[in-house]
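# Remarks on the overall topology
Each chain, written out:
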Amino acid sequence: MTGNWRARLATAILHPVAVLAAAALYFLLVYYFDTRWRFMPYTFAVTLALAGIFFVFSRRAVFSLYAAGTLIMLLTLLSVVKFKLKGLALHAYDFFFTGTDLSIVDFLWSHYRFHAVAGVLAIILAGVLLTGLFRSEPALRVPLSIRLPLVFVFALAAEVTHPIHNPREADYLPYIAGYNASALPLSLRNLPDLMGELPIAARVAHASAGTSFADDADCGPSRVKPDLFMVLSESQTAPGVIPGIPMSADLVDSFRSGDGTIKPFHVETIGAGTWMTNFSVLTGLSTADFGWQAAYVTQLLEHRIKGALPDLLARCGYRTVAVMPLPFNALNEGAFLTSIGFQEIYDADAIGFKPMTVRDKRYFAFIEKLVADHRRNDPRPLFVHVQTMFAHQPYDYVLLPDAQAPPHEYDGTGEVDEYMRRVWLARADLEAFLDRRKSEPGPRGTVIAEFGDHHATVTRDHLTAGRPAEAMLTDFRSPLYETFYRVEGFGTPVDYRLLHQPEDAAFLSARVLAAANMPVSKVWSDLLALSEACKGWLHTCADRAGVDRHIKGRIDGGLLVVN
């Protein structure tokens with residue numbers, strides 16, 4: 001009886017009407033997940049090329065079509081999940097960048113287990129159905145001389161329909177806009193970039209000859225060397241950016257700089273991508289200028305950058321320390337931070353806390369001990385960069401429920417309440433740390449530079465609710481990319497007149513160095529001038545030729561290795 005049922009089902013699925021209905025459904029699904037027509041011809045050509053490969057080995061035409069369509073849909077659903085959680089659609093390089101990173105796999109399994117289990121079950125179900133279909137469809141006696149050329153015909157069609165001649169569409173747009181059906185197929189065309197020079201070199205090759213930056217450092221007597229504490233505030237944005245999530249007056253005040261203002265800060269990632277914003281702040285480079293490689297800069301640019309902020313300060317006598325809540329190897333960030341000048345890295349293993357198991361005050365307590373030991377035994381000025389973690393997603397459960405914040409009622413889902421609870425506790429932990437720095441600025445004084453790395457998923461969803469999302473996602477000037485930065489000086493002057501405008505992440509360090517009269521280099525001085533000329537915008541600067549000249553000057557001076 002069971003066998004007859006399976007046979008009837010297989011016969012129905014293999015019927016030409018069912019195949020046409022499945023093709024129509026596939027067409028509609030691709031359009032639904034991409035939301036527009038632009039990339040669909042390419043995605044269909046890739047699907048047929050995959051079907052051709054299946055047909056070469058199986059000699060079953062209908063099975064091959066179903067298998068190719070199912071594979072693309074499974075990858076599409078994976079892209080949907082990634083885009084919802086991380087703000088970028090799926091790229092082929094993710095399977096190497098994330099899939100081989102055991103620390104990130106462990107983190108994802110710990111906090112997104114439901115998604116992983118659902119994905120595995122979907123793969124198993126698809127495998128069972130396709131296996132049954134394969135067994136039910138008789139093989140066709142089509143010679144290899146006919147089967148094999150079909151693959152090349154459809155691969156050629158994919159090459160012709162790829163939007164490679166429109167760099168904006170081919171390179172970055174599918175990933176930040178969430179064209180989830182087409183993103184991974186489109187990314188296959190990017191993989192050859194890994195074999196040659198970085199694509200950014202071709203983008204700035206046209207730039208007119210300008211300054212070839214030397215690997216210099218101005219540490220002279222006119223420069224002061226206060227201790228610098230740079231705080232990356234996880235998933236936090238400025239009050240007022242999301243009108244639907246009001247904040248209390250005392251919480252708002254915790255975002256103010258020493259001059260009493262809240263300073264807008266523009267990043268290039270949403271919902272995740274902490275390492276991308278961190279990269280820009282520390283190197284003075286826009287991740288968006290690297291196109292599709294933006295999400296992988298910590299791996300692709302290890303040992304390729306000289307003159308970054310920690311390198312500059314180390315050459316001017318600073319002890320440079322990074323404190324990170326993830327393991328050293330996660331996203332290759334530990335190795336990258338070492339390559340740009342951090343002399344010491346304290347990761348989750350060194351500190352002794354697994355990610356998202358403690359409040360931020362535990363990281364600050366570690367730093368307090370480090371500072372006390374340093375000031376007793378080491379005469380050097382200190383640069384400490386710390387990444388916080390407590391406000392990180394997911395927000396569908398109460399993290400450390402014994403830690404209580406003032407009650408909130410912002411929406412009916414509970415996720416915003418949990419997010420705001422974490423933000424309140426994170427701000428309280430930071431304020432306690434800053435109070436200690438203010439009371440103990442040290443003999444050189446202390447400068448604080450804090451910034452929000454990106455929007456949380458819940459604040460993103462509030463901003464895009466009821467609005468056309470694509471226009472906001474593809475505009476780096478939209479509120480989706482706005483957070484805040486904060487600068488204070490304790491026992492050392494800060495010229496707040498130099499902190500007078502919103503800034504892109506890549507300009508922040510140049511502003512801080514200038515406002516505190518700290519050591520600089522020609523690269524960072526040029527970035528300060530660019531910030532003025534570009535009104536705080538880097539990747540979207542109206543004088544794009546000036547930005548390209550700056551990047552080309554780094555390349556020509558050997559400060560950015562692109563080969």
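Scroll up to find the structure this text is about.
Residues numbered from 1 in each chain as written. Predicted model: local features only at pLDDT ≥ 70, side-chain atom pairs only at ≥ 80, totals over all residues. Heavy atoms only, no water.

## Concerning the overall build of the protein chain
- Of regular secondary structure, the protein chain possesses 25 helices and eight strands.
- Taken over the C-alpha trace, the protein chain has a radius of gyration of 26 Å; the compact-globule value for 563 residues is 24 Å, and the two agree within 12%.
- C-alpha extents for the protein chain along the principal axes are approximately 85 × 60 × 40 Å.
- Among the 563 residues that make up the protein chain, the fraction classed as buried is 55%.
- Sequence-distant contacts, at least 24 apart, represent 76% of the contacts inside the protein chain between residues at least 6 apart.
- Measuring between centres, the 51 positive side-chain charges of the protein chain sit 5 Å from its 56 negative side-chain charges. (Helix = DSSP H or I, 4+ residues; strand = E, 2+ residues; numbered from the N terminus. Rg over C-alpha atoms; globule rule 2.2 N^0.38 Å. Buried < 20%, exposed > 50% of the residue type's maximum accessible area, 1.4 Å probe, protein only. Contact = heavy atoms within 4.5 Å. Lys, Arg positive; Asp, Glu negative; His and termini not counted. Charge placed at Lys NZ, Arg CZ, Asp CG, Glu CD.)

## Considering the environment of Thr446
- Structurally, Thr446 can be placed in strand E6 (residues 446–452).
- In this structure the C-alpha to C-alpha distance between Thr446 and Thr492, which are 46 residues apart in sequence, comes to 6.4 Å.
- In this structure Thr446 touches Pro226, Asp227, Phe229, Arg375, Arg437, Pro441, Glu488, Gly489, Phe490 and Thr492, once residues within four positions along its chain are discounted.

## Some words on the layout of surface pockets
- Taken as a whole, the largest pocket spans an internal volume of roughly 1400 Å³.
- If you go around the largest pocket, you meet 46 residues; those closest to its centre are Leu78, Val81, Lys82, Thr98 and Leu108.
- Within the residue set of the lining of the largest pocket, elements represented by two or more residues are helix H4 (61–86), helix H5 (94–97), helix H6 (102–111), helix H7 (113–136) and helix H14 (274–283).
- Sort the elements by how many residues they give to the lining of the largest pocket and H4 lands first, with nine residues.
- Partitioning the lining of the largest pocket into residue classes produces 30 nonpolar, 11 polar and five charged.
- The calculated volume of the second largest pocket comes to roughly 1100 Å³.
- What lines the second largest pocket is a set of 35 residues, and nearest its centre among them are Ile13, Tyr66, Thr70, Leu130 and Leu133.
- If you list the elements that add at least two residues to the lining of the second largest pocket, you get helix H1 (2–14), helix H2 (16–34), helix H3 (40–58), H4 and H7. (1 Å grid on protein atoms, 1.4 Å probe; cavity = no way out; pocket = protein on both sides within 12 Å on 5 of 7 lines; lining within 4 Å. Points joined across faces, edges and corners; volume = space filled by probe spheres on them. Nonpolar A, V, L, I, M, F, W, Y, C, P; charged D, E, K, R; others polar.)

## As for the state of the cysteines
- Here the structure, examined in full by the defined rule, presents two disulfides.
- Two residues share a disulfide in this structure: Cys219 and Cys316, whose sulfurs sit 1.9 Å from each other. Looking down the S-S bond of the Cys219 and Cys316 bridge, the torsion is -70°, so its handedness is left-handed. Linking Cys219 in the loop between helix H12 (199–204) and strand E1 (227–233) with Cys316 in the loop between helix H16 (309–315) and strand E3 (319–323), this pair joins segments that are 97 residues apart in sequence.
- For Cys219, a relative accessible area of 23% corresponds to the partly exposed category.
- When the bonded cysteines of the protein chain are numbered from the N-terminus onward, they pair as 1-2, 3-4. (Disulfide = S-S within 2.5 Å.)

## Here's the deal with the packing of aromatic side chains
- Per the stated rule, a full pass over the model turns up 26 aromatic pairs.
- On the basis of an interplanar angle of 75° and a centroid distance of 6.3 Å, the ring pair of Phe54 and Phe63 is categorised as edge-to-face.
- Using a relative accessible area of 28% as the deciding quantity, one classes Phe54 as partly exposed.
- One aromatic cluster is present, formed by Tyr26, Phe27, Tyr31, Trp37 and Phe44 through successive ring pairs.
- Of note, Arg60 hangs over the ring of Phe134, and the distance from its end group to the ring centre comes to 4.0 Å. (Phe/Tyr/Trp six-rings, centres within 6.5 Å; stacked < 30°, edge-to-face > 60°. Lys NZ or Arg CZ within 6 Å of the ring centre and 35° of its normal.)

## A look at the sheet that holds E6
- Taken in spatial order, the eight strands make up an open sheet running E4-E3-E5-E1-E6-E7-E2-E8, and their pairing is mixed. On the outer flanks of this sheet lie strand E4 (344–346) and strand E8 (503–504), each paired with one strand and no other.
- Here three bridges tie E3 to E4, and the two strands are oriented parallel to one another. Of the residues in E4, the one forming a bridge with Val323 is Tyr346.
- Packed onto the sheet, helix H19 (residues 360–377) meets E1, E3, E4, strand E5 (382–387) and E6 and runs at close to 170° relative to E5.
- Lying on the sheet, helix H20 (residues 415–439) is in contact with E1, E6 and strand E7 (482–490); it crosses E7 at an angle near 20°. (Pairing = 2+ DSSP bridges. Axes fitted to C-alpha atoms, helices over the stretch in contact; angles between N-to-C directions.)

## Things to note about the pairing of E5
- Of all six residues that make up E5, six are buried, and the element is covered over most of its length.
- The alternating pattern of E5 places Leu382, Val384 and Val386 and Phe383, His385 and Gln387 on opposite faces, both of which are buried.
- Relative to E5, E1 runs parallel, the two sharing five bridges. Looking at the pairing, Leu228 lines up with Phe383 of E5.
- Note: E3 against E5, five bridges, orientation parallel. Its bridge partner lying in E5, Ala322 is registered against His385.

## With respect to H14
- Extensive coverage of H14 is indicated by the burial of 10 of its 10 residues.
- Of all the positions in H14, only Thr274, Trp275, Met276, Thr277, Asn278, Phe279, Ser280, Val281, Leu282 and Thr283 are classed as buried.
- Downstream of H14 by a residue or two, Gly284 has a phi angle that is positive, lying close to 75°.

## What to know about empty space enclosed by the protein
- Scanning the model with the defined rule gives eight cavities of 30 Å³ or more in all.
- Size it by volume and the largest cavity reaches roughly 80 Å³.
- Lining the largest cavity are 14 residues, and of these His266, Val267, Glu268, Asp504 and Ala505 sit closest to its centre.
- Grouping the constituent residues of the lining of the largest cavity by class yields six nonpolar, five polar and three charged.

## Observations regarding the side chain of Thr492
- Along the chain, Thr492 falls in the loop between E7 and E8.
- Once residues within four sequence positions are removed from consideration, Thr492 is found in contact with Pro226, Arg444, Gly445, Thr446 and Val447.

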